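# Structure at a glance
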Amino acid sequence: MFERSKPHVTAIWKRFRSFPVFIQLLLIVPILCAIALTLLVGNMGLALMGTAVAINSLIAGWIGGVMILVLGKAGIIVAKDRNKNR
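Conventions adopted
- Residues numbered from 1 in each chain as written.
- Predicted model: local features only at pLDDT ≥ 70, side-chain atom pairs only at ≥ 80, totals over all residues.
- Heavy atoms only, no water.
- Helix = DSSP H or I, 4+ residues; strand = E, 2+ residues; numbered from the N terminus.
- Buried < 20%, exposed > 50% of the residue type's maximum accessible area, 1.4 Å probe, protein only.
- Contact = heavy atoms within 4.5 Å.
- Areas by Shrake-Rupley, 256 points an atom, 1.4 Å probe, with all protein chains shown as cover.
- Phe/Tyr/Trp six-rings, centres within 6.5 Å; stacked < 30°, edge-to-face > 60°.
- Lys NZ or Arg CZ within 6 Å of the ring centre and 35° of its normal.
- Polar contact = N/O pair within 3.5 Å; in protein donor to acceptor, adjacent residues only side chain to side chain.
- pLDDT = per-residue confidence, 0-100.
- Expected span 1.5 Å × (residues − 1).

### Points about the overall build of the protein chain
Along the protein chain, the regular secondary structure elements total four helices and zero strands. Counting from the amino terminus, the protein chain carries its helices and strands in the arrangement α-α-α-α. The buried share of the protein chain, taken over its 86 residues, is 13%. Taking all contacts inside the protein chain whose residues are at least 6 apart in sequence as the whole, residues at least 24 apart take part in 56%. For the protein chain, the exposed surface amounts to about 7,100 Å²; the carbon and sulfur share of it is 72%.

Now the structure itself:
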């Protein structure tokens, strides 16, 4: 049934794995944050926590995921700079 799509999926997977680790994380972490936010809280839970309008968890997850990656990369840069100065 999936024989026609199998070459496309393997090509996409090989292309994804050829990217640097940071780019792979940039693609995966925001999606995982959005899924986690949806599963843990959900739109109704966000509305009940005090927000006037329910925040779309996909948008909040992407924003959170990108922030985590940027802050993580900044932390790596700061740690490398400290090690060079010692």
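Picking up after the structure, the text goes on.
### Topic: the packing of aromatic side chains
Summed over all chains, the structure comprises one aromatic pair. Between the aromatic rings of Trp-13 and Phe-16, the centroid separation amounts to 5.8 Å while the plane-to-plane angle is 35°, which identifies the pairing as tilted. Of this pair, Trp-13 and Phe-16 both sit in helix α1 (residues 6-18), separated by three residues, roughly a single helical turn. On the basis of relative accessibility, which here comes to 52%, the residue Trp-13 falls in the exposed class. Taking the ring centre of Phe-22 as reference, the NZ or CZ of Lys-73 above it sits at 5.2 Å.

### Quick word on the side chain of Gln-24
When you line up the elements, Gln-24 lands in helix α2 (residues 21-40). The buried category is assigned to Gln-24, whose relative accessible area is 10%. A distance of 3.2 Å separates the side chain of Gln-24 from the backbone oxygen of Phe-16, its partner in a polar contact. Once you skip the residues sitting within four places of it in the chain, Gln-24 turns out to touch Phe-16, Arg-17 and Phe-19.

### Concerning the confidence of the model for the protein chain
Scored by pLDDT, the protein chain has a mean of 76; 76% of the residues are at 70 or more. At the low end of the mean pLDDT range in the protein chain sits helix α3 (residues 42-48), at 61; at the high end sits α1, at 87.

### Looking at α1
In this model, α1 (13 residues) spans 18 Å end to end at C-alpha, consistent with the 18 Å of a helix rising 1.5 Å per residue. Summarising burial for α1: one of the 13 residues are buried, a small minority.

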